[in-house]
Amino acid sequence: MSKLPVFRQYDVRGVYGTELDADLLERIAYTIALELYPPKAKILLSRDVRLHSPQLSEAVTRGLRRAGCIVLDLGVASTPMNYWANVTHSCDGSLQVTASHNPARYNGLKVSVAGARPIDYDGGLKLVEEKLVAASDLPPEGGERLQLDCSKEQQKYLEFVLDLVGLPEGDLPLVAIDASNGVMGPELENLCAQLPALKAQRLYWETDGSFPNHDPDPMKSANLLALGELVRAKNCAFGVAFDGDGDRCVFLDERGQYISCDLITALLAATFLKQEPGAGIIYDNRSSSIVPESILAAGGKPLKGKVGHSHMKKLLKESGAVFGGELSGHFYFRATFCADSALLASLLVLKLLAQSKQPLSELIAPYCKYFASGEISFPLTGEPVRILREIEAKLAGLKVCHLDGLSMSGENWRFNLRPGGTEPYLRLNVEAADPDSLSSHTKTLSALIEGHL
């Protein structure tokens, strides 16, 4: 268990000014360089648009240079572009200053090594925490800093993504896009310049690290209200909303209705399996049962993984799978170095609509077989292992799986309960074959969990 609150399961993240500041991030970056990167490493650095990201990026640069690193400064860029640049420039690693979907007061650091392979707490951040160098022990700066031309790099990155998509010629369906005032605004403007056929209704494309319109978290329904209204008002084929650093997205159909991200995984899986019959498709433990069912029906190999981008990317790489997705809106591709790319996912949905000539709601309808609770969060104050063990004992007789937290299933229903990876909550997801069963089991489980907190 982490001793410092900023060391989370998947990255470094905390409230700026209280949990995290420039001095701490400089020491963390220096220690990362010592413990995770080779001597004189070449490190790609980029940042999101949060108001304190420029200051923190400078601190990270100082820490890396004190360790003798060569810093390739990309400037403001999405996290998927960071991964691309890591590989394209043959770097020993990359760092992204961001707090992803968290509110404006947060910031942090996403850490990767060569090949855009992510580093999580158990995979290296724990060691960094244990070896964290004191400020008084930091040596003078010795490495160098090279400024990359972000505009040119972004042009090449978008060419890479568009080449993977292979959009059909001619007009494309009208789409409403919410950039959440994050890094995706400039990237999308560049995309529109490269792709004149793309007709987009813009929502919050202006970068503003205070996130004045809504938190950059598209998984919260309140943050999708304006996008839904825009979809309906402009008769868009669908809507897509990105998070603050551009590695997650969620979709609304032509009626402005939210589509669960696991159903998008199932939808896109079918297209990949037409191109590569028998391929593996990964999905996280919370996803609907329709995901593995539809993968099998399409002749693919369903591969279930633990929640979290580091776990999913590792599974994708080790299995050789072609694609996968998480309930949280991360979509992973073998073609993007086993990393997530929300932009690629959104363009593939656009391509599917252009080719099918069907509304998105009709394309998704075959996958709407089960009923889901959505993720329900319970504040966690006790020891999660004890709580999960006690709940499992209370529900003895159900089928049990311990792949990721506690998963149990009965006849026509199932649930997953797991500690959150970035916040102190227990996360509950329930699925059932009918609404009444879902409601009944969700109420029973919620009461049981609350009684053990």
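Residues numbered from 1 in each chain as written. Predicted model: local features only at pLDDT ≥ 70, side-chain atom pairs only at ≥ 80, totals over all residues. Heavy atoms only, no water.

Draft legend 1. Layout of the nonpolar core. In terms of nonpolar packing, the biggest core is built from 82 residues, with L188, F238, F323, F331 and L347 touching the most fellow members. The element best represented in this core is helix α11 (residues 342-356), accounting for 11 residues. Once residues within four sequence positions are removed from consideration, F323 is found in contact with T265, L268, A269, F272, G280, I281, I282, L316, F331, Y332 and F333. (Core = buried A, V, L, I, M, F, W, Y, C linked by side-chain atoms within 4.5 Å. Buried < 20%, exposed > 50% of the residue type's maximum accessible area, 1.4 Å probe, protein only. Helix = DSSP H or I, 4+ residues; strand = E, 2+ residues; numbered from the N terminus. Contact = heavy atoms within 4.5 Å.)

Draft legend 2. Quick look at the sheet that holds strand β10 (residues 238-242). Spatially, 5 strands are ordered β9-β8-β10-β11-β12 in an open sheet, and the strand pairing comes out mixed. The open sheet has two edge strands, β9 (200-203) and β12 (258-259), and neither has a second partner. With 4 bridges joining them, β10 and strand β11 (residues 249-252) adopt antiparallel strand pairing. Among the inter-strand pairings, V240 is bridged to a residue of β11, identified as F251. (Pairing = 2+ DSSP bridges.)

Draft legend 3. Focus on the pattern of salt bridges. A full pass over the atoms with the stated rule returns 22 salt bridges. Where E58 meets R145, a salt bridge forms, and the shortest distance between an N and an O atom there is 2.9 Å. Note that E58 is positioned in helix α2 (residues 53-66) and R145 in strand β7 (residues 145-147), a separation of 87 residues in sequence. For the salt bridge of R255 with D253, the shortest nitrogen-to-oxygen distance reads 2.6 Å. What you see here is one network of salt bridges that share partners, running through D284, R286, E326 and E375. (Salt bridge = Lys/Arg side-chain N within 4 Å of Asp/Glu carboxyl O.)

Draft legend 4. Region of interest: empty space enclosed by the protein. Applying the stated criterion to the full structure yields 2 cavities of 30 Å³ or more. Considered as a void within the structure, the largest cavity measures approximately 80 Å³ in volume. Looking at the lining of the largest cavity, the elements with two or more residues in it are β8 (175-178), α6 (184-194), β10 and α11. For the lining of the largest cavity, the element with the highest residue contribution is α11, accounting for 4 residues. Computed from the structure, the second largest cavity encloses a volume of approximately 50 Å³. Taken together, P80, Y83, W84, Y157, F160, T336, F337, A339, D340 and S341 make up the full set of residues lining the second largest cavity. Contributing elements (two or more residues each) for the lining of the second largest cavity: α3 (79-88), α5 (150-165) and β17 (339-340). (1 Å grid on protein atoms, 1.4 Å probe; cavity = no way out; pocket = protein on both sides within 12 Å on 5 of 7 lines; lining within 4 Å. Points joined across faces, edges and corners; volume = space filled by probe spheres on them.)

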